[in-house]
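Architecture and fold: a report
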Amino acid sequence: MLSPLTSRLLPLLLTGLAMLGPFSINIYMPSFADMRTSLGVNDVQLQITLSLYFVSFAFMSLWHGMLADSFGRRPVVLVGIAVFTVSTFGIALSNDIHNIYLLRVLQGFSAGAGIVIGRAVIRDVYEGAMAQRVYATVVMLFAIAPAIGPVIGGFLQVHFGWRSPFIFLGGMGAVLSLLTFILLPETLSHESRQPFSLANVLKGYQQVFSHFRFMSWAISFALMFGGFFIYVLSAPIFLTRHLHLGATQFIWLFGPATAGMMLGSFLSGRLACAWSVRRLLRTGFAVMLFAAVLNVSVCVVNPVSFYWYLPYLFFFTLGMALVQPVIMVLGLDCVPHRRGLGSSVQLFVQTSFNALLSAVIAPFFWNSPLQLALGAATLLALSLMGIYFLRWMTVSGRTPKAEQV
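Residues numbered from 1 in each chain as written. Predicted model: local features only at pLDDT ≥ 70, side-chain atom pairs only at ≥ 80, totals over all residues. Heavy atoms only, no water.

As enumerated under the stated definition, the model contains 19 aromatic pairs in all. Where Tyr-28 meets Phe-166, the ring centres are 5.3 Å apart and the plane angle is 50°; that geometry is what we call tilted. Note that Tyr-28 is positioned in the loop between α1 (4-26) and α2 (32-39) and Phe-166 in helix α8 (residues 164-183), a separation of 138 residues in sequence. Between the aromatic rings of Tyr-312 and Phe-316, the centroid separation amounts to 5.6 Å while the plane-to-plane angle is 45°, which identifies the pairing as tilted. Of this pair, Tyr-312 and Phe-316 are both found in helix α14 (residues 310-333), four residues apart, which corresponds to roughly one turn of the helix. Exposure class is identical for Tyr-312 and Phe-316. Each is buried. The rings of Tyr-53, Phe-54, Phe-57, Phe-221, Phe-225, Phe-228 and Phe-229 are connected pair by pair, giving a single aromatic cluster. Between Arg-74 and the ring centre of Phe-181, over which it is positioned, the NZ or CZ distance is 5.2 Å. (Phe/Tyr/Trp six-rings, centres within 6.5 Å; stacked < 30°, edge-to-face > 60°. Helix = DSSP H or I, 4+ residues; strand = E, 2+ residues; numbered from the N terminus. Buried < 20%, exposed > 50% of the residue type's maximum accessible area, 1.4 Å probe, protein only. Lys NZ or Arg CZ within 6 Å of the ring centre and 35° of its normal.)

Listed below in structure tokens is the structure:
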């Protein structure tokens, strides 16, 4: 049972831990030009720093939950943040891109511990609609990260150079290490822990990856999130090359996106007990579809005026935040005895797709704003098709019998 103080502070701590992931992606984006000059590298080499981070993040996200199911939530988070902090300070001291590659891999290995285990902690402590409300609160606060990361990074870049964003991020990791040690309780009892053995590990992965409904929710969410994240990955090209904005003007992409995510998460938490799951899903996807149509229309009519993109970014992320807590909770409810591993696989699917976006898909759509808009709309359409296919399979009784409830 959590104390009143811990109950109030736990969502804030979990938010801070979750912020390490997006900060590691976008806080140094405004420094790309300076890094090219200082390190003597090109755009492709800098893009590799993103791809390596995503690949290592995705790989290790499979293990954070498994380890947390076996050894407890608290020790895995503490070790993860410690590795993240050391590797981030290492990047700030590096002068060679190959050293940065290695340290970005270590960042990716460790940054996901907080967000993976945080989801499991929420389901350990809260039930039903309350879990959805708490998760919506974390997402609402977490939504600040994509907006303020590039703003902080741009300010630090202008005044202190490309190393300063990594120093800031390392300091953030150090503070979170201390707060986690003080505040994070152990929410998994010894009786609920899974034996850590090769046979049990393989059995757990087989159960989760073969669970049709769980994987359907995870893949649909990854595709939906890609409709927004393709713009995050394309921010340096989209904002500077196509819209002719500067290093300190990334707020024009991340600002409206943050406002939409915060409002959507707030509404999702408030409506969790009043609206059905189906109504929340339908409303959220309807808002995102409206945003996608608007975005494509803007690219056809006036593709170089940045302010026309603000409504798309706001409405898309609003709809996405409405359904995100619902999808996460529905997915974890499919694997109640493997919540840590389930959270790991959710993040693995999302991050693996993010890595594919970063390395292959996003660059393919960099030639024009219209191509980006069409790419985002296609990802949303695929997500929606996946959810309707899941519903059809469930209603028609075609899901595996062991999964039908």
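A few words on the nonpolar core. If you look at the biggest cluster of nonpolar residues, it comprises 123 residues, and the most contacted ones within it are Met-224, Tyr-231 and Ile-327. The dominant element in this core, judged by the number of residues it contributes, is helix α10 (residues 212-233), at 15 residues. Each residue touching Ile-327, except ones within four places of it in the same chain, is listed here: Trp-217, Phe-221, Met-224, Leu-281, Gln-346 and Ile-387. (Core = buried A, V, L, I, M, F, W, Y, C linked by side-chain atoms within 4.5 Å. Contact = heavy atoms within 4.5 Å.)

Tallied over the entire structure, the rule returns three salt bridges. Ionic pairing is found between Arg-73 and Asp-124, a salt bridge with its closest N-O pair at 2.8 Å. With Arg-73 in helix α4 (residues 73-92) and Asp-124 in helix α5 (residues 97-125), this residue pair connects regions lying 51 residues apart in the sequence. Linked through salt bridges whose partners overlap, the residues forming this network are Asp-69, Arg-73 and Asp-124. (Salt bridge = Lys/Arg side-chain N within 4 Å of Asp/Glu carboxyl O.)

Moving on: helix α9 (residues 198-209). Here α9 is 12 residues long and its end C-alpha atoms lie 16 Å apart, about the 16 Å a rise of 1.5 Å per residue gives. Within the sequence span of α9, burial applies to Asn-200, Val-201, Gly-204, Tyr-205 and Val-208. With its buried residues spanning 135° around the axis, α9 presents them on a single face. In α9, the exposed residues that point more than 90 degrees away from the buried face are Leu-198, Ala-199 and Leu-202. Residues of α9 that are buried sit in contact with α3 (43-71), α10 and α15 (339-364). (Expected span 1.5 Å × (residues − 1). Arc of directions from axis to C-beta.)

A separate point is empty space enclosed by the protein. Scanning the model with the defined rule gives three cavities of 30 Å³ or more in all. The computed volume of the second largest cavity comes to approximately 50 Å³. In this structure, the second largest cavity is lined by Arg-119, Ile-122, Arg-123, Ala-131, Tyr-135, Met-328, Val-329 and Leu-332. Of all the elements in the fold, those that place two or more residues in the lining of the second largest cavity are α5, α6 (128-142) and α14. Across the lining of the second largest cavity, the residue classes tally to six nonpolar, no polar and two charged. (1 Å grid on protein atoms, 1.4 Å probe; cavity = no way out; pocket = protein on both sides within 12 Å on 5 of 7 lines; lining within 4 Å. Points joined across faces, edges and corners; volume = space filled by probe spheres on them. Nonpolar A, V, L, I, M, F, W, Y, C, P; charged D, E, K, R; others polar.)

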